[in-house]
Amino acid sequence: DLSQLKALDRPQDRPLPHDIVIETLVALLLGILGAVLNTPPLKEITWASEMKHRSVEEMDSRLGFANVNHKGKTLFRRE
């Protein structure tokens, strides 16, 4: 590996050029800034905030037990 790097005139101990490092850091900061500025505001996910938009009747609409006896009599009728 080292001989190949030397043949390509790229010794292993040479650091990256400063302009590449600066350009990378500036691009990273601009990307983070753009992501932060373009995100919508966060919404509350608490029970109280959910109940602001719904009523108690809507949240407490329990169906109860399903009664299937009426279907069973017609489906499994003995003749």
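Residues numbered from 1 in each chain as written. Predicted model: local features only at pLDDT ≥ 70, side-chain atom pairs only at ≥ 80, totals over all residues. Heavy atoms only, no water.

### Considering the overall build of the chain
Phase 1 of the analysis: Assigned secondary structure in the chain consists of 5 helices and 0 strands.
Phase 2 of the analysis: Listing the helices and strands of the chain from first to last along the sequence gives α-α-α-α-α.
Phase 3 of the analysis: Relative to its full complement of 79 residues, the chain shows a buried share of 1%.
Phase 4 of the analysis: Surface exposure of the chain reaches about 8500 Å², of which carbon and sulfur atoms provide 61%. (Helix = DSSP H or I, 4+ residues; strand = E, 2+ residues; numbered from the N terminus. Buried < 20%, exposed > 50% of the residue type's maximum accessible area, 1.4 Å probe, protein only. Areas by Shrake-Rupley, 256 points an atom, 1.4 Å probe, with all protein chains shown as cover.)

### Points about a nonpolar patch on the surface
Phase 1 of the analysis: There is a patch of nonpolar side chains on the surface, built from Leu16, Ile20, Val21, Ile22, Leu25, Val26, Leu28, Leu30, Ile32, Leu33, Val36 and Leu37 and spanning about 1100 Å² of accessible area.
Phase 2 of the analysis: By the element assignment, Ile22 lies in helix 2 (residues 18-38).
Phase 3 of the analysis: Of the residues examined, Ile22 reaches a relative accessible area of 53% and is grouped as exposed. (Patch = residues over 30% accessible without salt bridge, like charges linked within 9 Å, V, L, I, M, F, W, Y side chains within 5 Å. Salt bridge = Lys/Arg side-chain N within 4 Å of Asp/Glu carboxyl O.)

### Structural notes on the confidence of the model for the chain
Phase 1 of the analysis: Mean pLDDT for the chain: 78, with 63% of residues reaching 70 or above.
Phase 2 of the analysis: Averaged over each element, pLDDT in the chain is lowest for helix 5 (residues 69-75) (64) and highest for helix 2 (96). (pLDDT = per-residue confidence, 0-100.)

### A few points about the environment of Glu44
Phase 1 of the analysis: Following the sequence through the fold, Glu44 ends up in the loop between helix 2 and helix 3 (47-51).
Phase 2 of the analysis: Here Glu44 falls in the exposed class, since its relative accessible area comes to 55%.
Phase 3 of the analysis: Residues in contact with Glu44, not counting those within four places in the same chain, are Ser49 and Lys52. (Contact = heavy atoms within 4.5 Å.)

### Focus on the side chain of Ser49
Phase 1 of the analysis: Turning to its location among the elements, Ser49 is positioned in helix 3.
Phase 2 of the analysis: Residue class for Ser49 comes out buried when judged on its relative accessible area of 10%.
Phase 3 of the analysis: From its side chain, Ser49 meets the backbone oxygen of Glu44 in a polar contact 3.4 Å long. (Polar contact = N/O pair within 3.5 Å; in protein donor to acceptor, adjacent residues only side chain to side chain.)

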